Amino acid sequence: MRVAFLGLGIMGQAMATNLVKAGHEVTVWNRTPGKLVEGAGIAPTPAAAAQGAEVLWLCVSDTDAVQEVVFGKEGAVTALNEGMIIADSSTISPAATVKFAQRVAEKGAAWVDAPVTGSKIGARDGTLVFIVGGDEGPIDRLKPLFAAMGKKIFRMGDVGKGQATKLVMNLQIALIYEGFAEALTLATKLGVDSQQLVDLIGATMVKSGVVEYKAPFILGRDFTPNFPLRLMHKDIRLTLEAAKEARVKLPGLETVEELYEMATEDGHKDLDYAATLTLLEKWAGVQVKGQAA
Ligand code: NA7
C-alpha cells in the first residue's frame, strides 16, 4: 500500500521501517529534518507526504502535535480525499480524536485510532499490540499494515475507543510499576536482596508483564528511555482529564501524577518512566541494586 508516515520518533521510525521491510511504498515526514527511514521517500511537509497516499499513519507526541500535522499550516488535510484512511498511533485525547474524525469525514476520509502497546522493543521487532477504534471497513483495509508492525489488533469499538482503552491500559502500567518501585525501595531499606525479590515475584501471583519487562533495566541501573517519563506523564494527565470529564475519581493515579511532577522537576523527564524509582530511593536514602549493577 502507499503509506505516508508522519513522525519518526522512538516508535514511528521503527514502525515505518517495518512497513518498508514488508514491501509497502512509504513516504516519511518528520518535523525536525534529518531523521530517515531506509527505503522510504522523504517529503518536505505533511501535506506533501499525504499527496497520493492511500493511508496516512501518524505517530507524534500528543494531541496538539496530531492537530498540527493534520490541520496545521502545512497539514495533511489539504491532501485528503475520498477513501483515504488516517491511522493514528499517537496516544492522544479520546474526545479530540472524535472531533478530528468528524473533520476528516467531511473530506470522505476515515479515522482509525490505533495507539500501541509494546514500547520501543515491540516497535523494533514488529510485535506491537494495536488498540483500535473505528469502523470495521477501514480497519480491515489496514490489516496488512497492522501485520507488518504488530502481532495483534484489538478493536475496542468506534472512533475514540482505542484511545480511551489505551489510557486505561497505561493507568494500570503506571500504577503497577509504582507498586513495584515502592516494593523494591522498601525491600532494599529492610535489607532484602532485589534480585531474590524479583525471582520470588516471578514465582507468585504478584508477577506481571510490567515487572518482567522493567526488572532487568532497573537492576542494571539502565534508565535510558524505552518509554520516556515525559510521555507517560502526558498519558497520566490525559487519563486524569478523561476521568474528570466522566466524573470518575482516580486517587491512586492522582498521587502517581504528583510523583511524575517531582521527577520532572528533578530533571528526569527524558529518562524512562522507571526513573520515578530514583525519587523513592532519594527519600529512603537507599539505592536498589541487582547482580548486574
Ligand atoms: P518521541 O520519540 O518523543 O517522538 C515524538 C515524535 O513526534 C517526533 O517525531 C517529534 O518530532 C514529533 N512531534 C512532536 N511534536 C510535534 C509537533 N508539534 N508537530 C509535529 N511533530 C511533532 O515519541 P515516541 O515515538 O516514543 O511516541 C510517539 C507516540 O506514541 C506518543 O504519543 C506516545 O505516547 C506513543 P521531532 O523529531 O521532535 O521534530
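All of these numbers come straight from a predicted model, not from anything done at the bench.

Parameters and conventions
- Residues numbered from 1 in each chain as written.
- Predicted model: local features only at pLDDT ≥ 70, side-chain atom pairs only at ≥ 80, totals over all residues.
- Helix = DSSP H or I, 4+ residues; strand = E, 2+ residues; numbered from the N terminus.
- Buried ≥ 20, exposed ≤ 12 C-beta atoms within 10 Å, placed from the backbone.
- Pairing = 2+ DSSP bridges.
- Right-handed = clockwise from strand over helix to strand, strands pointing away.
- Domains from an automatic or database assignment.
- Contact = placed C-beta atoms within 7 Å.
- Nonpolar A, V, L, I, M, F, W, Y, C, P; charged D, E, K, R; others polar.
- Near = placed C-beta within 6 Å.

Of note in the backbone geometry, R221 takes a positive phi value of approximately 50° without being a glycine. Along the chain, R221 turns up in the loop between α10 (209-219) and α11 (229-245). The partly exposed category is assigned to R221, around which 14 C-beta atoms lie within 10 Å. Look at R247: it is not a glycine, yet its phi comes out positive at around 60°. Mapped onto the fold, R247 is located in the loop between α11 and α12 (251-265).

Of the two faces of strand β6 (residues 110-113), the one carrying A110 and V112 and the one carrying W111 and D113 are both buried. As judged from the four bridges shared by strand β5 (residues 85-88) and β6, these two strands associate in the parallel manner. Each bridged residue has a counterpart across the sheet, and for I85 the counterpart in β6 is A110. Viewed along the sheet, the connection from β5 through helix α4 (residues 94-105) into β6 turns out right-handed.

Our focus in this paragraph is the domain arrangement of the protein chain. For the protein chain, the assigned domains are domain 1 (2-158) and domain 2 (164-284). Contact with domain 1, which involves 14 residues of that partner, is made by 14 residues of domain 2. Elements with a contribution of two residues or more to the side of domain 1 that touches domain 2: α4 and α5 (119-125). For the side of domain 1 that touches domain 2, the residue count by class is seven nonpolar, five polar and two charged.

Near the ligand you find 22 residues, and of these G9, M11, R31, T32 and A65 are the closest. Counting residues per element, the ones that place at least two in the shell around the ligand are α1 (10-21), α3 (63-71) and α11. Partitioned by chemical class, the residues of the shell around the ligand number eight nonpolar, nine polar and five charged.

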